[in-house]
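In case you want the letters, here they are:
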Amino acid sequence: MTLKKFSAAPGINREGTDYSAEGGWYDCDKIRFRKGRPEKIGGWTKRSEDTIDGVCRTMHNWASLNNDDYLAMGTDKKLYVEIGGNFYDITPSRFDYVGTIAEDLDATEHEITVATGTGSNFSALGDIVRIGDEYLMISDQTGDDITVVNGSGTRTCQFNTVDFKSTHLNGAYISRFPALRPTEEASLGVIGVVHGSTDILIRSPAHGLVTGTFVNVMELGYAVTGVGIGTDDILNSDGLEVVAVHGANNYEVRTGAVGSTAEDTLSGTLVTTADTVAMVSGSSFATGDIVKIEDEYIKLGTKSGGSAPFTFTSCTRGMFGTTDADHTGRWLEILKVSMFCVKGSGVSNNTYVLPRINAGTRDDAAYSGWGAVTWSSGGWGKASTTRTDFRIWSIDNFGEDLIVSPRNDKPYYWDKSSRTSFSIPKSTGSAGTLVADNVSLAQAVPLNQTGVSTNDGYGSVPSTVLDTMIYPDYETVVAFGSTGIGTPFDPMLVRWSDRGKPGSWDGTMTNSAGGTRLTTGSYIVGAARSKREILIWTDECVYVMRYIGDPHIYSFTEIADGVSILGPNAFAPAGNSVFWMGDRNFYIYGGNVEILPCTVLSHVFSDSVTGLNYSQRSKVIAGRNAEFGEVIFFYPSVGSSDNDRYVSYNYIEGSWAVGTMARTAWSDSGIRSNPQAAYVSDVVNERSTLYEHESGNDDDGSAMTAYVESAYFDIEDGDRFAFIRRVIPDVLFTSGNDISVTIYKKDFPNAGRDNSPVTASIGTSVNQAHVRVRGRQAAVRFESSSIGAGWRLGDTRLDIRPDGRR
């Protein structure tokens, strides 16, 4: 009889078979290795019970000058600031036009002169202009003079923004958004409620919106009653999501309530271009009504027939930008549409809808070519998609303010002092019956609106960027991939602002703004701030950007070629280095670029189940967990369209671990005591939850399964059978009191997995567990799946004796 101490080298090793890795750990989930020992990772809890719209891909934690702890979160649909577990929408709004005022404007004046020649952009009476946080209605317009007054002839803020009325300086930006004005049959109104549906129709000329975008109905023409959806359902401070777009002038948004107007069914086939609609009953419908059949809106023509069934002739098909369709199935539902908010001759019954900037997409375009799905798969040739086209934000703080940029869009600025009140992002107050209350006034604004003077080089802000970042210790905003001054977008152009002036990018002035074009590669994938320098990845190499002072300001040095990175967020600064995940290797930069030795490469890059889904490679994110000396890479595995697995590296001890976990963004800034992470908690409605990690031992109150399993080892020397009769555990329970130990056996290395393993329960009071295992090789698995379990392994021993095969 022999008591054999069971021990294994720290870290997971999957670069061979489960037998050749003898002496090590072969598989795990929710495990880290610390001081050479495997232990269960910490759990996570919700930061807030509230969720946010969209899939969060980027998070940035920073503190204001008065120590407010903010977390910015960018999703494919919105941009948020979280403080104290509350989420505030700061998504930029869309306006028809942006200009400047030509003279100082105090708090009482009601006539605004705009920049010469731009007055025609504000010519529609009843439209709204915005200066700063103040909304004003246009009541008259002559040339470049706009009059903004109410009925008594005084300037009045709209949408309950009177508290923010202020003086505006010459050069301040002025924006416009119009009242809703249908381009066809104005008598039908601009909003329609559909029976049996949470979707409503909005008619807005040249709206330019895409599905997934949110709009705020700021004011209704009059109250909505008797249609199942009420005024409060439409005046939603969180906004309404665009769920369908019907051409250039009409779209549908979704509310939380259901319309309750009349319904019927077809009594005969309705095909494309047919102008007669026959109903089973038709008693609730009249000539001129609007109905919806499947996705098509139809205006009913003349009603005929003295009793049911009724037919309607000379109907108008494909109303509101929808398409004529074959509705060939009998009994298709006909839904009546109740139109309201009719635009009259005055402005008293106008309806105003303020859209956010267009939403991005959730998924990356499909790649093709070599390695498109798994490494070495597909035909030879470069992938067809070279630039990430789903929504990723770059977020960085400029002092206590934010610079935010949606990829392939313009940069925006969030001014903490002007956008918050007592540290909380501003919103409108309680409003009247027809006016939305608590609508955000804290939106980020285009970066080109941050300056009010041209004599110091303000202006020339890039109109399109891939990424933005603040250069360390020099107060300049850097754009990676950018439009130039009067030149089109160049995905290899790096530009930067004047020092201390984020809105000043005109390098022809006497300032430090400038730019340079990188030469190796076809586009910039991403950038990471390191110690007093910035790493820049193109699709072919790595550059280092360093401050060198006047006259060139920055130098750019190519430090490695043939080095890849999977996506804009696939890196993590940790310790004194930057770690990142490439197409088939992990890398580290600490002054030089080096391949990081890795014992799980095949598991991550080429396994048919656990390997990376290369078609969604740009979704890979990386983050640090500084308390435990780890960097974590979350990635989508084969068969998954989003991140569902992770691999972690202990950069202090050099060990690797793997596991399953769905996270789309991660932040460990050191400002908060625990790492923060985002998770898509509602896939259908695309809602995300913010988690606080290393909090407790469970999955937000539910049990978490965690295990670590050894490679197979010879029970004796592998030349004869042996018998394991006892397990003498050595487990430190940090919480809970129960884990299981399972022993798998094999007679030959190529034998399949043991389908009848032996399992024993190990608790704090268990000194030994009796088992019966016969074989040549064995593997040991430690596992917990109970609430509150927390544990760390020591030196478990196995009681082994020679035995014959029976």
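Scroll up to find the structure this text is about.
This is a predicted model, so every value here is computed, not measured.

1. Topic: the pairing of strand β33 (residues 393-398)
Then comes step 1: Of all six residues in β33, five are buried; the element is thus mostly enclosed.
Then comes step 2: Taken together, the six bridges between β33 and strand β34 (residues 401-406) define a ladder with antiparallel strand orientation. By the bridge assignment, Asn 397 is partnered in β34 with Leu 402.

2. Concerning the environment of Gly 208
Then comes step 1: The topology assignment puts Gly 208 in the loop between β20 (199-203) and β21 (214-219).
Then comes step 2: Judged by its relative accessible area of 41%, Gly 208 falls in the partly exposed class.
Then comes step 3: Setting aside residues up to four positions removed in sequence, Gly 208 forms contacts with Arg 94 and Asn 358.

3. Things to note about the sheet that holds strand β28 (residues 302-304)
Then comes step 1: Here we have three strands laid out as an open sheet, ordered β25-β29-β28, and antiparallel in their pairing. What marks the edges here is a single partner per strand, and that holds for β25 (277-278) and β28.

4. A closer look at the nonpolar core
Then comes step 1: The biggest cluster of nonpolar side chains holds 73 residues, and the ones touching the most others in it are Trp 537, Trp 580, Phe 586, Phe 782 and Trp 791.
Then comes step 2: Listed in part, the 36 residues of the second largest apolar core include Leu 180, Leu 209, Leu 240 and Leu 354.

5. A few points about the pattern of salt bridges
Then comes step 1: Here the structure, examined in full by the defined rule, presents 46 salt bridges.
Then comes step 2: Among the ionic pairs, Arg 47 bridges to Glu 692, the shortest N-O distance being 3.6 Å. With a gap of 645 residues between them, Arg 47 in the loop between β6 (44-46) and β7 (52-53) and Glu 692 in strand β57 (residues 687-693) connect regions that are remote in the sequence.
Then comes step 3: A salt bridge links Asp 199 to Arg 254, with the nearest nitrogen and oxygen atoms 2.8 Å apart. Of this pair, Asp 199 sits in strand β20 while Arg 254 sits in strand β23 (residues 250-254), placing them 55 residues apart in sequence.
Then comes step 4: The exposure class assigned to Asp 199 is buried, which follows from its relative accessible area of 11%.
Then comes step 5: In this structure Arg 254 comes out as partly exposed when scored by relative accessible area, which is 43%.
Then comes step 6: Linked by salt bridges that have partners in common, Arg 57, Lys 77, Glu 241, Arg 362, Asp 642 and Glu 686 make up one network.

6. Some points on a negative patch on the surface
Then comes step 1: A cluster of acidic residues, Glu 103, Asp 104, Asp 106, Glu 109, Glu 111 and Asp 140, forms a negative patch at the surface.
Then comes step 2: Residue position: Glu 111 is located in strand β13 (residues 111-113).
Then comes step 3: The class of Glu 111 is partly exposed, set by a relative accessible area of 43%.

7. Topic: the environment of Ala 107
Then comes step 1: Relative to the elements of secondary structure, Ala 107 occurs in the loop between β12 (97-100) and β13.
Then comes step 2: Sequence separation between Ala 107 and Thr 167 is 60 residues; the distance between their C-alpha atoms is 4.9 Å.
Then comes step 3: Among all residues touching Ala 107, those that are not within four sequence positions of it are Arg 155, Lys 165, Ser 166 and Thr 167.

8. Considerations on the sheet that holds strand β60 (residues 722-728)
Then comes step 1: With antiparallel pairing, the four strands of this open sheet are ordered in space as β1-β67-β60-β64. Sheet topology places β1 (2-5) and β64 (769-775) at the edges, where each strand pairs with a single neighbour. Here the average twist between neighbouring strands, direction ignored, is 30°.

9. Focus: the pairing of strand β14 (residues 128-131)
Then comes step 1: Both faces of β14 are covered, namely the face carrying Ile 128 and Arg 130 and the face carrying Val 129 and Ile 131.
Then comes step 2: Inspection of the sheet shows β14 paired to strand β15 (residues 134-137) by four bridges, in the antiparallel sense. Considered in β15, the bridge of Arg 130 is made with Tyr 135.
Then comes step 3: As consecutive antiparallel partners, β14 and β15 are separated by two residues, and within that stretch Gly 132 has a phi angle of approximately 60°, a positive value.
Then comes step 4: Sheet topology places β14 next to strand β18 (residues 173-177); four bridges connect them, and they run antiparallel. Each residue of the ladder has a partner; that of Ile 131, found in β18, is Ile 174.

10. So, the side chain of Lys 78
Then comes step 1: Within the element layout of this structure, Lys 78 appears in the loop between β9 (69-75) and β10 (79-83).
Then comes step 2: Among the polar contacts listed, one links the side chain of Lys 78 to the side chain of Asp 89, at a separation of 3.5 Å.
Then comes step 3: Those residues within four positions of Lys 78 in sequence are excluded, and the remaining contacts are Asp 53, Met 73, Asp 89, Thr 91, Phe 214, Asp 238 and Trp 393.

11. Description of unusual backbone geometry
Then comes step 1: The amide bond that connects Ala 308 to the next residue, Pro 309, takes the cis arrangement and shows omega of -5°.
Then comes step 2: The linkage connecting Asp 550 with the following residue, Pro 551, adopts the cis geometry, with an omega of 0°.
Then comes step 3: By the element assignment, Pro 551 lies in the loop between β45 (541-549) and β46 (553-561).
Then comes step 4: Not every positive phi belongs to a glycine, and Ser 423 is a case in point at roughly 75°.
Then comes step 5: Locating Ser 423 in the fold gives a position in the loop between β36 (420-421) and β37 (424-425).
Then comes step 6: Here Ser 423 falls in the buried class, since its relative accessible area comes to 12%.
Then comes step 7: Phi is positive for Ser 460, close to 60°, though the residue is something other than glycine.
Then comes step 8: Tracing the sequence through the fold places Ser 460 in the loop between β38 (445-446) and β39 (465-470).
Then comes step 9: Using a relative accessible area of 29% as the deciding quantity, one classes Ser 460 as partly exposed.

12. Focus on the environment of Asn 750
Then comes step 1: In this fold, Asn 750 is placed in the loop between β62 (738-746) and β63 (758-763).
Then comes step 2: The exposure class assigned to Asn 750 is exposed, which follows from its relative accessible area of 79%.
Then comes step 3: Separated by 708 residues in the primary sequence, Asn 750 and Gly 42 have C-alpha atoms spaced 36 Å apart.

13. Re the state of the cysteines
Then comes step 1: If you walk through the whole model with that rule in mind, you get zero disulfides.
Then comes step 2: Considering cysteine sulfurs only, Cys 598 is the nearest to Cys 28, which forms no disulfide, with 12 Å between them.

14. Some words on the side chain of Asn 643
Then comes step 1: In this fold, Asn 643 is placed in the loop between β52 (630-635) and β53 (645-650).
Then comes step 2: Judged by its relative accessible area of 4%, Asn 643 is buried.
Then comes step 3: Reaching out from Asn 643, the side chain makes a polar contact with the backbone oxygen of Lys 619 at a distance of 3.1 Å.
Then comes step 4: Only 3.1 Å separates the side chain of Asn 643 from the backbone oxygen of Arg 663, close enough to count as a polar contact.
Then comes step 5: For Asn 643, the contacting residues outside a window of four places in its chain are Lys 619, Val 620, Ile 621, Phe 634, Tyr 635, Pro 636, Met 661, Ala 662, Arg 663 and Thr 664.

Thresholds, definitions, all that
- Every chain is numbered on its own, with residues counted from 1 as its sequence reads.
- Where totals are concerned, whole chains, interfaces and linings use all residues; where local detail is concerned, this predicted model gives features only for residues with pLDDT of at least 70, and gives and counts side-chain atom pairs only at 80 or more.
- As a rule here, side-chain values come from all non-hydrogen atoms in the structure, and water together with hydrogens is ignored.
- Remark: exposure states derive from per-residue accessible area (1.4 Å probe, protein chains only) relative to the maximum for the residue type, with buried under 20%, exposed over 50%, and partly exposed in between.
- Secondary structure is summarised from DSSP: a helix means a run of H or I of at least four residues, a strand means a run of E of at least two, and numbering begins at the N terminus for each.
- When DSSP locates at least two bridges between a pair of strands, those strands are taken to pair.
- In what follows, residue pairs with any heavy atoms lying within 4.5 Å of each other are defined as contacts.
- Take the buried Ala, Val, Leu, Ile, Met, Phe, Trp, Tyr and Cys residues and link them wherever side-chain atoms come within 4.5 Å; each set so joined is a nonpolar core.
- Throughout this description, the term salt bridge denotes a Lys or Arg side-chain nitrogen within 4 Å of a carboxyl oxygen of Asp or Glu.
- Patch construction takes residues with relative accessible area above 30% that form no salt bridge. Like charges are linked within 9 Å, and nonpolar side chains (Val, Leu, Ile, Met, Phe, Trp, Tyr) are linked within 5 Å.
- Only the protein chains shown count as cover for residues, with accessible areas throughout obtained via the Shrake-Rupley method and a probe of 1.4 Å.
- All tallies of charge rest on Lys and Arg as positive and Asp and Glu as negative; His and the ends of each chain are not included.
- By convention, the charge on Lys lies at NZ, on Arg at CZ, on Asp at CG and on Glu at CD.
- Every angle, taken between N-to-C directions, lies between 0 and 180 degrees, and every axis is a line fitted to C-alpha atoms, over only the stretch in contact when it is a helix.
- By the criterion applied in these results, polar contacts are pairs of N or O atoms within 3.5 Å in which, for protein atoms, one can donate a hydrogen and the other can accept it, and in which residues neighboring in sequence qualify only through two side-chain atoms.
- Criterion for a disulfide: a pair of cysteine sulfur atoms within 2.5 Å.

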